[in-house]
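# Fold and contact review
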Amino acid sequence: MRTPFGQLADICRMIKIEHSVFALPYAWAGAFLAARGLPPWKELLLLTLGMVAVRSFAMAFNRLVDLPFDRANPRTQGRPLVTGAVSTRQTWAFCALTALIFVATCAGMNTLCLQLAVPALLFAAIYSLLKRVSHFCHFWLGATLGLAPLAGWLSVDPTG
């Protein structure tokens, strides 16, 4: 399917959509714990969309930052951004759209989630830059994933 951001399959390959599924159970666990059972459907849906959006934003941003290195690395020369299947312009637009979706889902959850939306986007993006200067980046990436249960909790109970 063709989108303004390129072929849907190429976009999904670029952001490794299957990895977004990896973080969801952690966020859902936080939501289930905060709700002491099944969270309200609205919060669960917004949490799911928000998690996929922030993860997609982070991966697309990472691909943009890594583009010069990916072009030179035989292992990554087949990536959609390197081959031109998805352009840098489309990828920047995709980053903007997924960031907006993330902020909108946070706004739909509650005020605290909205207030934390931009810091969360920055936190997710920093890994892409940090890995160029420090091995600490792996701890940062782990901390980013470790925030998923807290995000899930706050989506259901921002006071708790």
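Our structure's up above, just so we're on the same page.
Read on for a plain summary of the structure. (Residues numbered from 1 in each chain as written. Predicted model: local features only at pLDDT ≥ 70, side-chain atom pairs only at ≥ 80, totals over all residues. Heavy atoms only, no water.)

Bringing unusual backbone geometry into the picture now. A positive phi angle is found at Lys-16, which is not glycine, with a value near 50°. Tracing the chain through its elements places Lys-16 in the loop between helix H1 (8–15) and helix H2 (17–35). Among the residues examined, Lys-16 registers a relative accessible area of 27% and is labelled partly exposed. Even without glycine at this site, Arg-36 takes up a positive phi of about 55°. Here Arg-36 shows up in the loop between H2 and helix H3 (41–72). (Helix = DSSP H or I, 4+ residues; strand = E, 2+ residues; numbered from the N terminus. Buried < 20%, exposed > 50% of the residue type's maximum accessible area, 1.4 Å probe, protein only.)

Right, let's get into the pattern of salt bridges. Within this structure, the stated rule accounts for four salt bridges. In this structure, Asp-66 engages Lys-131 in a salt bridge whose closest nitrogen and oxygen atoms are separated by 2.6 Å. One end of the pair, Asp-66, is in helix H3; the other, Lys-131, is in the loop between helix H6 (111–130) and helix H7 (137–156), with 65 residues separating them in the sequence. For Asp-66, a relative accessible area of 6% translates into the label buried. Since its relative accessible area comes to 22%, Lys-131 is described here as partly exposed. The partner of Asp-66 in a salt bridge is Arg-132, and the shortest N-O contact between them spans 2.1 Å. With Asp-66 in helix H3 and Arg-132 in the loop between H6 and H7, this pair connects stretches of sequence that are 66 residues apart. (Salt bridge = Lys/Arg side-chain N within 4 Å of Asp/Glu carboxyl O.)

What follows covers the packing of H3 against H6. Between H3 and H6, the shortest axis-to-axis distance is 9 Å and the interhelical angle comes to 30°. Considering their axes alone, H3 and H6 lie roughly parallel with respect to each other. Viewed along their axes, H3 and H6 form a crossing whose handedness is right-handed. Contacts between H3 and H6 involve Val-54, Phe-57, Ala-58, Phe-61, Asn-62 and Val-65 from the former and Leu-121, Ala-124, Ala-125, Tyr-127, Ser-128 and Leu-129 from the latter. Of the residues belonging to the contact of H3 with H6, the class tally is 10 nonpolar, two polar and no charged. (Axes fitted to C-alpha atoms, helices over the stretch in contact; angles between N-to-C directions. Parallel < 35°, antiparallel > 145°, perpendicular 65-115°, else oblique. Left-handed = near helix turned anticlockwise from the far one by under 90°. Contact = heavy atoms within 4.5 Å. Nonpolar A, V, L, I, M, F, W, Y, C, P; charged D, E, K, R; others polar.)

Before going further, it helps to examine the packing of H2 against H3. Where H2 contacts H3, the axes come no closer than 9 Å and their chain directions differ by 140°. The orientation of H2 relative to H3 falls into the category oblique. H3 is crossed by H2, and the crossing has right-handed handedness. Along the contact surface, H2 presents Ile-17, His-19, Ser-20, Ala-23, Leu-24, Ala-27, Trp-28, Ala-31 and Phe-32, while H3 presents Leu-44, Leu-47, Thr-48, Met-51, Val-52, Arg-55 and Ser-56. For the contact of H2 with H3, the residue count by class is 11 nonpolar, four polar and one charged.

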